[in-house]
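Close look at the chain arrangement
What follows is each chain in one-letter form.
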There are 2 protein chains.
Amino acid sequence: MILTVTLNPALDLTYRVDALVPHGTHRVAAVAERPGGKGLNVAAVLHALGEPVLATGLLGGATGHRVAALLAAEGVPAAFVAIADETRRTVAVADRDDATGFWEPGPRVTAGEWAEFVARFRELLGQASVVALSGSLPPGVPVDGYAHLIRLAAAAGVRTVLDTSGAALRHGLAAGPDLAKPNAAELGALLAPARAPAPVPAASAGQEMADATVVLDHGARAVVVSRGPRGVLALTGEGAWHGVPPERLAGNPTGAGDACVAALSRGLRDRTPWPALLADAVALSAAAVAAPGAGAVDRDTYHRLLPAVRVSAA
Amino acid sequence: MILTVTLNPALDLTYRVDALVPHGTHRVAAVAERPGGKGLNVAAVLHALGEPVLATGLLGGATGHRVAALLAAEGVPAAFVAIADETRRTVAVADRDDATGFWEPGPRVTAGEWAEFVARFRELLGQASVVALSGSLPPGVPVDGYAHLIRLAAAAGVRTVLDTSGAALRHGLAAGPDLAKPNAAELGALLAPARAPAPVPAASAGQEMADATVVLDHGARAVVVSRGPRGVLALTGEGAWHGVPPERLAGNPTGAGDACVAALSRGLRDRTPWPALLADAVALSAAAVAAPGAGAVDRDTYHRLLPAVRVSAA
């Protein structure tokens, strides 16, 4: 079973309006609700692929109940730890042109709740072969929270995929996850402290590989950098590769990185050779772009692209 | 006991942001949640005044649970009927200048749920002396739903205050509520079908009284028109009055009309003579403007203004 960890999930609301008028009042024509948070997207994609998965993390209050109910309606197996504070909401107001986003701050997690989660996580490791740790840490969770979970997983012989950013990423890398999956912006932010503050020109392929090396220097055993329509760049103990989709897809890129993590987690579980694993990750990311919302993949796109992804040694 | 009916309550969310940027992403600095819907404001004001009150209506889903929990935290007695669909949310995004509002559509109410509510309402009438019916009707409730409830109340010897708009108001008036409380805009909309479509100049005092008469023609036994900072205009079987606050208050006018209904309901229960009742309604409305949010009144403002409200025969 693949265990997905979502410490700061959300109830994602999308409001459809004609046009956003600042300081106006809008009657919302349609409301869509879905369970949000990167780890829940990973779990939803794995479940859609028929892979055994269990979603864990922290959920609180009426909003947390709603997220749990929506996950259950999708059939995604879940074992969340309850917290007293309210799970956050995100509101995306979609008009004819684009979306305007409002992100609530996360709930405050107490030391006792975090300890309870860690205990539950240790129990769940007994059934897991891979753990995917995704997204931000809510207030109250230690900044090295992912590092703690990664060390517990390693001690239990369970492999780990880390997909987060900022301080949570930097601290998490120090615990030696089997794989880190930053996107290009997250990789840039990780490197920023060491760089001159002047604007940096678009990275060359050589520079991108050098940047990715820094992730290994920080402690990860392998790194896959997701680069949007340009595919992925991987640096592992067995070699370095580029994986490039055969065509550029129009659609909704939200959740493409989570589909990538789903593929990488499955590949890590099956010890799939890196070139095949990366082809799968590129095709599944593209299939997420082709699907309407995060946490979904378009199966036809996936099966069409998979044999055509180009993976080459870098 | 005063029974307040809220068929389309809401979870009111206020998001504090620095500045609203259309098509941008906003990290919300602070989130405030409160039980919303005009009838819940009426109940909260009556409860704050120490008046026996019971809030009823329809609540559904996780959002409905949250509204019930917030009401319970305020100590407002409640007896809601559960529906399957989700109670709506409203989101107000407050920046440095003003607020931008997003109103979800109401839940869909089934015929069975409506029948269940009507049965519960009949039971609750046994303990009530006055019923206040406030706000919009959610999809699925018959457009003459308020009329049905008003007739049941009259048959049980319970007096009624109706505060709604549009078709719900027009149909409700036909059942002969003891009192209707439109604001000037709602009164205008009631009159609109009979008026020329050309722009109408600001109404004179005489025109306003003539307009109010139409509410009685529609079936109400009395009408109190709330006119914001200009106070109230009342037309009853015993006479016509203007009630005017002694000063103009700065503050938040949301919920002032609900405080007015709270005062009117209490006065109807106590058979307070109209002039004293109107003075109370004007002072309590102003006290709601002086309080930070809907459903609250500033006691000092109330007690300061009450003896100074001018009520004169119109």
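Summary of the structure given here. (Residues numbered from 1 in each chain as written. Chains lettered and ligands numbered in written order. Predicted model: local features only at pLDDT ≥ 70, side-chain atom pairs only at ≥ 80, totals over all residues.)

**Concerning the overall build of chain A**
The helix and strand inventory of chain A stands at 10 helices and 15 strands. Its C-alpha atoms give chain A principal-axis dimensions of about 55 × 45 × 45 Å. Residue burial in chain A is summarised as follows: out of 314 residues, 50% are buried. Taking the contacts inside chain A whose residues are at least 6 apart along the sequence as the reference set, 71% of them involve residues at least 24 apart. (Helix = DSSP H or I, 4+ residues; strand = E, 2+ residues; numbered from the N terminus. Buried ≥ 20, exposed ≤ 12 C-beta atoms within 10 Å, placed from the backbone. Contact = placed C-beta atoms within 7 Å.)

**Focus on the sheet that holds strand S2 (residues 10–16) of chain B**
What links the strands of a sheet is backbone hydrogen bonding, and the strands pair in either a parallel or an antiparallel sense. Within the open sheet, the 5 strands sit side by side as S3(A)-S8(B)-S7(B)-S2(B)-S4(B). Their pairing is mixed. Across the chains shown, the open sheet's two edge strands, defined by having one partner strand only, are strand S3 (25–27) of chain A together with strand S4 (30–36) of chain B. Averaged over all neighbouring strand pairs, the angle between strand axes comes to 15°, with direction disregarded. Direction of pairing for S2 of chain B relative to S4 of chain B: antiparallel, over a ladder of 7 bridges. Paired with Thr14 of chain B across the bridge in S4 of chain B is Ala32 of chain B. Packing of helix H2 (residues 61–74) of chain B onto the sheet brings it into contact with S2, S4 and strand S7 (88–94) of chain B, and relative to S4 of chain B it is tilted by some 85°. (Pairing = 2+ DSSP bridges. Axes fitted to C-alpha atoms, helices over the stretch in contact; angles between N-to-C directions.)

**Section: helix H6 (residues 184–191) of chain B**
All names here are of chain B. Listed in full, the buried residues belonging to H6 are Glu186, Leu187 and Leu190. Across the axial projection of H6, the buried residues extend over an arc of 100°, all falling on one side. Each element contacted by the buried residues of H6 is listed here: helix H5 (166–173), helix H7 (205–218) and strand S12 (223–226). (Arc of directions from axis to C-beta.)

**Examining the interface of chain B and chain A**
Much of the literature gives interface size as the accessible area that the parts lose upon coming together. In this complex, chain B contributes 26 residues to the contact, which on the side of chain A involves 26 residues. Among the elements of the structure, strand S3 (25–27), H2, S7 and strand S8 (99–103) of chain B are those that each provide at least two residues to the side of chain B that touches chain A. When the residues that make up the side of chain B that touches chain A are grouped by side-chain class, the tally is 13 nonpolar, 8 polar and 5 charged. Bridge count between S3 of chain A and S8 of chain B: 3 bridges; the pairing is parallel. Looking at S8 of chain B, one finds that Thr25 of chain A is bridged to Gly101 of chain B. (Nonpolar A, V, L, I, M, F, W, Y, C, P; charged D, E, K, R; others polar.)

**A look at unusual backbone geometry**
Here His23 of chain A, not a glycine, exhibits a phi torsion of approximately 70°, which is positive. Positive phi values are uncommon outside glycine, yet Arg271 of chain B reaches one of about 50°. Its place among the elements puts Arg271 of chain B in the loop between helix H8 (256–270) and helix H9 (274–290).

**A closer look at the relation of the copies chain B and chain A**
A rotation about some axis, followed by a shift along it, carries one copy of the chain onto the other. Mapping chain B onto chain A calls for a rotation angle of 179° and an axial translation of 0.1 Å; the resulting RMSD is 0.1 Å. Viewed as a symmetry operation, the transformation between the two copies matches a two-fold axis. Relative to the rotation axis, the C-alpha of Ala62 of chain B is the closest in chain B, positioned 2.7 Å from it. A shared binding surface is used by both copies, with 100% of the interface residues of chain B retained as interface residues in chain A. (Least-squares fit on C-alpha atoms with pLDDT ≥ 70 in both.)

**Some words on the environment of Val309 of chain A**
All names here are of chain A. Within the element layout of this structure, Val309 appears in the loop between helix H10 (299–305) and strand S15 (310–313). In this structure Val309 comes out as buried when scored by C-beta crowding, with 23 C-beta atoms within 10 Å. Here the alpha-carbon distance between Val309 and Val282, two residues 27 residues apart in the chain, equals 7.0 Å.

**Focus: the nonpolar core**
Counting 190 residues, the largest nonpolar core has Leu284 of chain A together with Leu284 of chain B as its most contacted members. With residues up to four places along the chain from it excluded, the contact list for Leu284 of chain A reads Ala259, Cys260, Ala262, Ala263, Val297 and Tyr302 of chain A. (Core = buried A, V, L, I, M, F, W, Y, C linked by C-beta atoms within 7 Å.)

**Quick look at the packing of helix H3 (residues 111–125) of chain A against helix H4 (residues 145–155) of chain A**
Residues and elements named next belong to chain A. Running from N to C, H3 and H4 cross one another at 30°; their axes reach a closest spacing of 10 Å. Our classification of the angle between H3 and H4 gives roughly parallel. Regarding H3 and H4, the two cross each other, and that crossing is right-handed. Residues Val118, Phe121, Arg122 and Leu125 of H3 pack against His148, Leu149, Leu152 and Ala153 of H4. Tallied by class, residues from the contact of H3 with H4 come to 6 nonpolar, 1 polar and 1 charged. (Parallel < 35°, antiparallel > 145°, perpendicular 65-115°, else oblique. Left-handed = near helix turned anticlockwise from the far one by under 90°.)

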